[in-house]
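The lines below spell out each chain.
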Amino acid sequence: MSASVIIGSDPSGAPVPVDIEELLATRLLVQGNSGSGKSHLLRRLLEESASLVQQVVIDPEGDFVTLAEPFGHVVIDGSAYSGDEIARLAARIRKHRASVVLALDGLELEAQMRCAAQFLATLFDAPREEWYPALVVVDEAQIFAPAAAGDVSDEVRRLSLAAMTNLMCRGRKRGLAGIIATQRLAKLAKNVAAEASNFLMGRTFLDIDMVRAADLLGMERRQAEQIRDLARGHFLGLGPAISRRPVAVKIGDVRTRARNVIQGLTPLPAAGQDMEALLLAEPAVPEPVPCAMPLGPEAADSGELLEQIASYVPAGEEAEVSTEPSLFAAQEQAAGVSAVLAELAAEPDCTFQPVAALFQDFTLRCRMKRIAGHGLDVTAFRRRFALAVAGADEADPDWAELLRIAGDVQDDLVAPFLVIARAAQRGEPCPDDAELSRIYGTSSPGRIRRLLEHFEKAGLIVVRTDFGGRRSIGIPALGATTAPVDQDVTG
Ligand SMILES: Nc1ncnc2c1ncn2[C@@H]1O[C@H](COP(=O)(O)OP(=O)(O)OP(=O)(O)O)[C@@H](O)[C@H]1O
Ligand SMILES: [Mg+2]
């Protein structure tokens, strides 16, 4: 598995990779004016690396919550929990390696800083055995690590700044890699910015920011003008995880969108409308009192969220067999898992996919169906998937017998064995090579021939070809034989 992801292309159209492993060790700073495309860039990086590494997003605008559906990030609405609850959630995130988005859009500035500080400090303080690698992405980092005292109390500023400094300066050893984005370098605390060795600089108008950006990129001051001329979505990149020389990158497309984006101009209401009357009209129903809380789906209580985090399976990795209580009753859960397996097995060409990709797909589908902790590791999954491909139904006594005699057959061979044995049990025609190839996930007739030879050597089957060239296969353990069938494909 490659540890690089493509973030975009250079002026010649060549892909520009970012080495995620190197990024974990050397961190990243993104700067650009509002609308230069920083959040888009972070989203691209997050989407592309979602299956490679745990991700924690500190999201002041609540933009990244849309990662939840396709990538399974757990969303934590920062406005819905107490400080203690946030700390408990953060501790569990380290333990279970869950990818999360901490959405802070429902909070006032000071509360955003407090919440992020508590959250980051707890991630940082995790016990040594939980120092797994994770990208910690902080958008609008100047909020949490301001260069100068502002409107918030000194105590909150100190807390927040300390958490960000720890993340950037001492996080690496603990597996935490800071990726921070800011509109203005001059507004970001110097010691926080200084710890990043990778930079992606977007369009920057103010001289003071441009000069700092040019310094970080090692560019001559007079070359710095080009930073002013960068188009939206274009960045200059430098650093051990990106390139040894400054490289121009156009950031590639993303699969998800920020929540509530307004695209371009929206037509104004027709001029004829009596706006005054509309504004002054009595409301038909009492209007809600404005409050700082976000409108939208209600936040889960913290117990439910802890459970979601506990059942989180890092994308692309094996599941821990969950011992946590599940949201579903056990039976309902088992039925849900079987349904997902059947759905997956019905996908065309599924048997040709590598098991890791199938397992990831399976985990994602379970999550979409809110099956918390499907309880399978990759080995158990492989077997269950093979049974699903063969169409096995454990509740059916005929199938139970077949599964018993297939008990010792290897996981990767069990599906073709079962379809042959099933045909024998019912006295149906022997599956032809094309069908066996589909079930086995091969396009090579030679492999099917070797598979049958292997089964025969193991005493599982007896192949018989009659003088007319028709093949039938007997299953000694069943005392049954398939009906003979013409073989067009013999390899
Ligand atoms: N590489 C790109 N390709 C296509 N669209 C892009 C690209 N980069 C940015 N955009 C679009 O431009 C708009 C502004 O981008 P984005 O929100 O990422 O800017 P930003 O730098 O985060 O701004 P702010 O600092 O105000 O949050 C968005 O609608 C985004 O979808
Ligand atoms: Mg942004």
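Along every chain, residues carry numbers that run from 1 in the direction the sequence is written. For this description, chains carry letters from A and ligands carry numbers from 1, given in the order in which they are written. It should be noted that, the model being predicted, local features are given only for residues of pLDDT at least 70 and side-chain atom pairs only at 80 or more, the latter also being counted only at that level, while totals for whole chains, interfaces and linings use all residues. Think of the side-chain values as coming from all heavy atoms in the structure, minus any hydrogens and water.

Participant: Can you walk me through the sheet that holds strand S10 (residues 234-239) in this structure?
Facilitator: Consider a sheet: its strands pair through backbone hydrogen bonds, and that pairing is either parallel or antiparallel. Taken in spatial order, the 11 strands of this open sheet run S2-S1-S11-S10-S9-S3-S8-S7-S4-S6-S5, and their pairing is mixed. The sheet is open, and its two edges are formed by strand S2 (15-19) and strand S5 (74-77), each paired on a single side. With strand direction ignored, the average angle separating the axes of adjacent strands in the sheet is 20°. Working rule for contacts: check all heavy atoms of both residues, and any pair within 4.5 Å makes them a contact. As a rule, the C-alpha atoms of each element are fitted with a line to give its axis, helices using only the stretch in contact, and angles between N-to-C directions run from 0 to 180 degrees. Only runs of H or I of at least four residues qualify as helices and only runs of E of at least two qualify as strands under DSSP, and these elements are numbered from the N terminus. Sitting on the sheet, helix H7 (residues 154-170) touches strand S7 (134-138) and strand S8 (176-182), and the angle it makes with S8 is about 120°. Note on pairing: two strands pair once DSSP finds at least 2 bridges between them.

Participant: Explanation requested: helix H9 (residues 207-217) in the structure shown.
Facilitator: For the α-helix, the turn length of 3.6 residues means that residues three or four positions removed from each other point alike. Any residue under 20% of the maximum accessible area for its type is buried, any over 50% is exposed, and the rest in between are partly exposed; the area is computed with a 1.4 Å probe on protein chains only. All of the buried residues along H9 are Asp209, Met210, Arg212, Ala213, Ala214 and Leu217. Just downstream of H9 lies Gly218, where phi reads positive at about 70°.

Participant: Quick question: what am I supposed to make of the side chain of Asn33 here?
Facilitator: Structurally, Asn33 can be placed in the loop between strand S3 (28-31) and helix H2 (38-49). Judged by relative accessible area, Asn33 falls into the buried class, the value being 12%. For the purposes of these results, a polar contact is taken to be a pair of N or O atoms within 3.5 Å, where, inside protein, one atom must be able to donate a hydrogen and its partner to accept one; residues adjacent in sequence count only when each atom of the pair is a side-chain atom. A distance of 2.8 Å separates the side chain of Asn33 from the backbone nitrogen of Phe205, its partner in a polar contact. Leave out the neighbours within four places in its chain, and Asn33 touches Lys38, Gln183, Arg203, Thr204 and Phe205.

Participant: Any chance you could explain the packing of aromatic side chains here in plain terms?
Facilitator: Aromatic ring pairs are described here by two measures, namely the spacing of the ring centres and the angle between the planes. Between the rings of Phe, Tyr and Trp (Trp by its six-membered ring), a pair exists once the centres lie within 6.5 Å; its type follows the angle of the planes, with under 30 degrees stacked, over 60 edge-to-face, and the other angles tilted. For the structure on display, the rule yields five aromatic pairs. An aromatic cluster is present here, built from Phe359, Phe362, Phe381 and Phe385 joined pairwise through their rings. The ring of Phe124 carries Arg174 above its face, with NZ or CZ at 4.2 Å from the centroid. By definition here, charges over rings are those cases where NZ of Lys or CZ of Arg is within 6 Å of the ring centre and within 35 degrees of the ring normal.

Participant: Looking at this model, I keep getting lost on the side chain of Thr26. Mind explaining?
Facilitator: Structurally, Thr26 is set in helix H1 (residues 20-26). With a relative accessible area of 11%, Thr26 lands in the buried category. At 2.7 Å, the side chain of Thr26 and the backbone oxygen of Glu22 are in polar contact. Beyond its immediate sequence surroundings of up to four residues, Thr26 is in contact with Glu195, Ala196, Ser197, Asn198, Pro240 and Ala241.

Participant: Help me understand the site of ligand 1, please; the structure alone is not making it clear to me.
Facilitator: Nearness is judged by heavy atoms alone; a residue qualifies as near a molecule or strand once a single heavy atom is within 4 Å of it. Taken together, 13 residues form the shell around ligand 1, and within it Ser34, Gly35, Lys38, Ser39 and His40 come nearest. His40 places a main-chain nitrogen or oxygen 2.8 Å from an oxygen atom of ligand 1. Between an oxygen atom of ligand 1 and a side-chain N or O atom of Glu140, the distance comes to 3.4 Å. Protein contacts shield 73% of the accessible area of ligand 1, which totals 630 Å² for the unbound molecule. Broken down by element, the residue count for the shell around ligand 1 peaks at three residues, all from H2. Three classes are used: nonpolar for Ala, Val, Leu, Ile, Met, Phe, Trp, Tyr, Cys and Pro, charged for Asp, Glu, Lys and Arg, and polar for all others, with Gly counted as polar. Residues that form the shell around ligand 1 fall into these classes: one nonpolar, nine polar and three charged. In this description, accessible areas are obtained by the Shrake-Rupley approach with a 1.4 Å probe, and a residue is regarded as covered only by the protein chains that are shown.

Participant: Could you clarify how one ought to interpret a nonpolar patch on the surface in this entry?
Facilitator: Taken together, the side chains of Met275, Leu278, Leu279 and Leu280 make up a nonpolar region of the molecular surface, amounting to roughly 450 Å² of accessible area. Judged by its relative accessible area of 37%, Met275 is partly exposed. Patch membership is restricted to residues that have no salt bridge and whose relative accessible area is over 30%. Joining uses 9 Å for like charges and 5 Å for the nonpolar side chains Val, Leu, Ile, Met, Phe, Trp and Tyr. When a carboxyl oxygen of Asp or Glu lies within 4 Å of a side-chain nitrogen of Lys or Arg, that pair is called a salt bridge.

Participant: Sorry if this is basic, but what is going on with the nonpolar core here?
Facilitator: Nonpolar side chains tend to gather and get buried jointly when the protein is soluble and globular. To qualify as a nonpolar core, a set must consist of buried Ala, Val, Leu, Ile, Met, Phe, Trp, Tyr and Cys residues joined through side-chain atoms within 4.5 Å. Counting 60 residues, the largest nonpolar core has Ile76, Phe119 and Met164 as the members making the most contacts within it. Tallying contributions element by element places helix H5 (residues 109-124) first for this core, with seven residues. Residues contacting Met164, with those up to four places away along its chain left out, are Leu120, Val138, Ala141, Phe144, Ala145, Ile180 and Val192. Val340, Cys350, Cys366 and Ile448 belong to the second largest nonpolar core, which has 47 residues in total.

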